[in-house]
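Topology and contacts: notes
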Amino acid sequence: MVMPQVRPIIAASWRRCWARVDPYTSLKPPRLSDQHLFSMQVNYFELMAIARPVMEDIYQYIENSNSAVLFTNSVGYLLDWVGDPGMLATLESMQIEPGTLLAESELGTNAIGVALLEREPVQVVGYEHFCQPLHDFGWAAAPVFDISGKLLGALGVVTRVSNFHPYALGMVVAGARAIEAQRQSDQLLEEQNSQLAGINAILASINEGILAWNTEGIVIHANPTAAEILKVPQESLMGAHLDAFVKFPPYVLDALHRQIPVSDLEVQLSVLGETVSCLLSLQYVRGRRGLRAILAVLRPLKSLREYVQRQVGSPTFDLQNLIGESPAIRRVRRLARSAAAARGCVLIRGESGTGKNLLARAIHYHSPRSHGPFVVFACTAVPSELVLPELLGVERGVGEGISHASKFELADGGTLFFQDVEALPLEAQSVLLNYLELGIIQRIGSRKPIEVDVRIIASSSANLEHLVAEGNFRADLFYRLSLFEIVLPPLRERKQDLELLIEQVLQRLARQLGHPLSLSKDTLAILRAHSWPGNVRELESVLTRAAVQASPSQIIMPAHLPPLQTSTDAGVPMWMPNLPRLEEIERQAILQAAQQCHGNVSQMARLLGVGRTTLWRHLRRMNISLDSYREDGRRESGVSL
Ligand SMILES: Nc1ncnc2c1ncn2[C@@H]1O[C@H](COP(=O)(O)OP(=O)(O)OP(=O)(O)O)[C@@H](O)[C@H]1O
C-alpha cells in the first residue's frame, strides 16, 4: 500500500520495482567492462561532445555543494560525469561510476531511470528512492530527445538530500534542451555541408563552367570548367573580385545591371586582356531580402560542337553498315568513299527508306571531318517560319529574348546534312547558295559576317528536276549540289540483297528479344515476292512486327507477317514524271491511315511503313491537315500544315 502523499510518478515506479528490486540490500548495478564502455563512448562521441560543455556549465552553478552531473545513454548506462570529488567517490563506493546501468530495473526508483522510462523530467528525493542506500540523496533528471522525438539519453544532477535544491530540476531541463538544440543545429549544419559537398561535386564534374558571385562582385563559386574556359586558376578566382579578372561587353553589363536573365548568348569576354569566346547564360539567385548572387553558366563554343558530334559519332555510321553486295550497292559504297575523300557538296538521292541518312552519316564518318560535328537540318520537320532563324541563328539585343547559334556554326569543322532538301523554302535555298559561294553566314539581327567551314550533304527523294522546272527549287543550287550525286537503288531493284538485309535485321531483333530468330521457307518466299515500296525501312518494320507476333516462337511463319502487297507497279522511282498518278495513290493511302489511326502520325507512319519525317513531308506536300481526324482536334507540335 502506497502512502497517499507519494507523487503518482513515484508510486508507479515503486509498483514496477516491487517485483524485481530488493530495497534493503546494498546496490549491485551491472557495469560495462572498460572495453565495452570505451566502444560505447566512441559510439556516443558526438552526443557526448555536445553534452560535456552543458554538464560543465551546470556544475559551475552547483560546485562545492557536494554534487555531480551525470549523462547516460537512452538505456541508462552512465557515459560521463563531472562533480565534486567527494560526491564522485561516494557514488563510486555505491558501485555507481561511468559504465554503470542506472536503469530503474537495477537501482530501483531513481531520477535517471524514471526520466528515461516516463520520457519526462523528474526529481526523486530522499525516501522517494525505492532502495534504502539512496535515501540520503536527491536526484533530478531530464530526458534528451532528437529532432524526431527519439530518446537519446538523460541528463541528471545528484546531491545529498540536505543540499538538494528545487532549482536542480529546472537546471537539468534547461541543460537537456540546450543539448537538443545544439545537436539539431549540428545536424542541420552537417546536412547542409553534405548537400553543399554534393552540389560542389556535381558542379565540379559538369562540363559547363559555373561561376557565381555575390552582390559585391566577390566570386563565391567557380568550378574547374569555368577556370579552364577563363584560363584563370580556380584558387585565384575563388574569393576574388570578378572585375579583377573578367570584363563583360556593355550589353552583358546592361543585362546584369537590369537583372535580365540571358541564355546561351554568344559573348566575347576580356579575361586579363585576352579575348575568350563562349556562350553565356545568366541567372539571378534571389533571397528574401532581394538579390543574393549571380550565377553564370559558360559554355565554350567548341564543346557545344563536340556535344553535337557525340550525339552522332557512333560506329554505326561506318559504311560497312550499308548492307548489300549487289553491284548497285557496291557502286554506292565506292562512290561514297570517293565522296568522303572529296571536299565539295554531295547530293544523295533515292526513294524513302533506301538509306540516304545512313549514307550521309557514313560519308561524314569516313571523311577527314569525322572528328567534327555532323549536324542534321531536317527540312521537312522545321515549320517554314522557323527555317531561317534555325538555319542562320538569331542575334538579339539585351531584353529582346534569347540569341542562338546557327546550324552552320554548330556544324563548323564538320558536316551539315540537309535532309529532304527539296522542302527548303526558296529564301533558305538562297542562304545555302550564298554560303556555298562565300563561306560566310550572318545571324538574323546581326550584320557581323561569321566565317564557317562546313561541308554540305543533301538528300532528296523528290523529283528535283521537276521542282526546278516548276520554279520551286533554285536551278543554280540544284547544279551546285548535284556535282557529286549518289543514287541509292530501291530494294526491289536489288532483291539479291534482301537475304543479307533480313539476316542483319533478324540478328538485331534476336539480340533485342533475347532469343534466336529465323524465317520459314514460305515466309522468305512471301518477302521475296514483295515489291518493298517502303524499301529497307519497310523491311525493318515488317520483320519487327512479325518477330514480335512470333515471339516466343523462334521461327517467323507467314501468319506472323502483316498484309503485304505483291504488286510490281511500285517499281517506278519517285522522281519520274508520272508523279500525279502515284501521288493520288499515296494521298488515298495517307487519308485511309489518318482515318484508321485518328490522325496519330507515329501510328500512321508505322502502318504505311514510312518514317515520321517522310510522312510529314508527304502531308505537307499534299496539304493534308490531320486536325479533323483527331478526336480532340489537337494539332501535333513541331510542324505546321
Ligand atoms: N543498305 C542498308 N543496309 C542496312 N540498313 C539500311 C540500308 N538502307 C537503309 N537501311 C535502314 O533503313 C532505315 C531507313 O534508312 P534511312 O533513314 O537512311 O532512309 P532514307 O532514305 O534517308 O529515308 P527518308 O527519305 O524517308 O528519310 C534505317 O533504319 C536504315 O538503317
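Coordinates for the structure precede this section.
So, here is what we can say about the structure in this document. Here the structure is a predicted model, which is why all the values come from computation and not from measurement.

**A closer look at the site of the ligand**
- The local shell around the ligand holds 21 residues, among which Ile323, Gly355, Lys356, Asn357 and Val536 are the closest.
- Only helix H13 (356-366), helix H21 (535-550) and helix H24 (612-621) provide two or more residues apiece to the shell around the ligand.
- Residues that form the shell around the ligand fall into these classes: five nonpolar, 13 polar and three charged.

**Concerning the sheet that holds strand E14 (residues 415-419)**
- Sheet architecture is open: five strands sit in the order E13-E14-E17-E12-E18, paired in parallel fashion. Looking at strand neighbours, the two that pair on one side only are strand E13 (374-378) and strand E18 (485-487), the edges of this open sheet. Strand after strand, the sheet turns through a mean of 20° between neighbouring axes, direction not considered.
- Across three bridges, strand E12 (residues 346-349) lies against E18 in parallel orientation.

**Re unusual backbone geometry**
- A positive phi angle, close to 50°, is found at Asn66, a residue other than glycine.
- Inspection of the secondary structure puts Asn66 in the loop between helix H3 (45-62) and strand E1 (67-73).
- Residue classification places Asn66 among the partly exposed positions, given that 17 C-beta atoms sit within 10 Å.
- A positive phi is found at Leu272, a non-glycine position, where the angle reads about 50°.
- Look at Leu272 and you get partly exposed, because 13 C-beta atoms sit within 10 Å.

**Focus on the nonpolar core**
- Ala111, Ile112, Ala115, Ala141, Leu155, Val157 and Val172 are the most contacted members of the largest nonpolar core, which has 50 residues in total.
- The element that contributes the greatest number of residues to this core is H3, accounting for seven residues.
- If near-sequence neighbours (up to four positions away) are discounted, Ile112 is found in contact with Leu70, Thr72, Gly76, Leu102, Trp139, Ala141, Ala154 and Gly156.

**Focus on the sheet that holds strand E4 (residues 137-145)**
- Judged by pairing direction, the sheet is antiparallel, and its five strands sit side by side in the order E2-E1-E5-E4-E3 without closing on themselves. Edge strands, defined here as strands with exactly one partner in the open sheet, are strand E2 (78-83) and strand E3 (122-125). Pairwise comparison of adjacent strand axes, ignoring direction, gives a mean angle of 15° for this sheet.
- Each of E1, E2 and strand E5 (151-160) is contacted by H3, which is oriented at about 30° to E2, the strand it contacts most.
- Contacts from helix H4 (residues 85-93) reach E1 and E2, with the element oriented near 55° to E1.

**Comments concerning H13**
- The buried fraction of H13 amounts to eight of the eleven residues, a majority that puts the element mostly inside the structure.
- Turning to H13, its buried residues are Lys356, Leu359, Ala360, Arg361, Ala362, Ile363, His364 and Tyr365.

**Digging into the pairing of E14**
- Burial analysis of E14 places five of its five residues in the buried class, the great majority of the element.
- Because side chains alternate across E14, one face comprises the buried residues Thr415, Phe417 and Gln419, and the other comprises Leu416 and Phe418, equally buried.
- For E13 and E14, the ladder comprises five bridges, and the chain directions are parallel. Its bridge partner being in E14, Val376 is matched across the sheet by Phe417.
- Here E14 pairs with strand E17 (residues 455-460) via four bridges, running parallel. Residue pairing across strands places Phe417 opposite Ile457, the latter belonging to E17.

**Thoughts on the environment of Thr380**
- On the secondary structure map, Thr380 appears in the loop between E13 and helix H14 (384-392).
- Separated by 41 residues in the primary sequence, Thr380 and Val421 place their C-alpha atoms 8.3 Å from one another.
- The contact partners of Thr380, leaving out residues within four places of it in the chain, are Asp420, Ala423, Thr613, Trp616, Arg617 and Arg620.

**Describing the packing of H14 against helix H16 (residues 426-438)**
- At a closest axis distance of 9 Å, the pairing of H14 and H16 adopts a crossing angle of 15°. Taken together, the axis directions place H14 and H16 in an arrangement best described as roughly parallel. When the axes of H14 and H16 are compared, the crossing they make is left-handed. For the pair formed by H14 and H16, the contact residues are Val387, Leu388, Leu391 and Leu392 on the first element and Glu427, Ala428 and Val431 on the second.
- Of the residues contributing to the contact of H14 with H16, the split by class is six nonpolar, no polar and one charged.

**With respect to the environment of Leu539**
- Here Leu539 lies in helix H21.
- Placed twelve residues apart in sequence, Leu539 and Leu527 show a C-alpha to C-alpha distance of 8.6 Å.

**Observations regarding the packing of helix H23 (residues 601-608) against H24**
- Running from N to C, H23 and H24 cross one another at 100°; their axes reach a closest spacing of 9 Å. In terms of orientation, H23 lies roughly perpendicular with respect to H24. Facing Val601, Ser602, Met604, Ala605 and Leu608 of H23, the residues of H24 in contact are Arg612, Leu615 and Trp616.
- Looking at side-chain class alone, the contact of H23 with H24 contains six nonpolar, one polar and one charged residues.

Rules used throughout
- Residues numbered from 1 in each chain as written.
- Predicted model: local features only at pLDDT ≥ 70, side-chain atom pairs only at ≥ 80, totals over all residues.
- Near = placed C-beta within 6 Å.
- Helix = DSSP H or I, 4+ residues; strand = E, 2+ residues; numbered from the N terminus.
- Nonpolar A, V, L, I, M, F, W, Y, C, P; charged D, E, K, R; others polar.
- Pairing = 2+ DSSP bridges.
- Axes fitted to C-alpha atoms, helices over the stretch in contact; angles between N-to-C directions.
- Buried ≥ 20, exposed ≤ 12 C-beta atoms within 10 Å, placed from the backbone.
- Core = buried A, V, L, I, M, F, W, Y, C linked by C-beta atoms within 7 Å.
- Contact = placed C-beta atoms within 7 Å.
- Parallel < 35°, antiparallel > 145°, perpendicular 65-115°, else oblique.
- Left-handed = near helix turned anticlockwise from the far one by under 90°.

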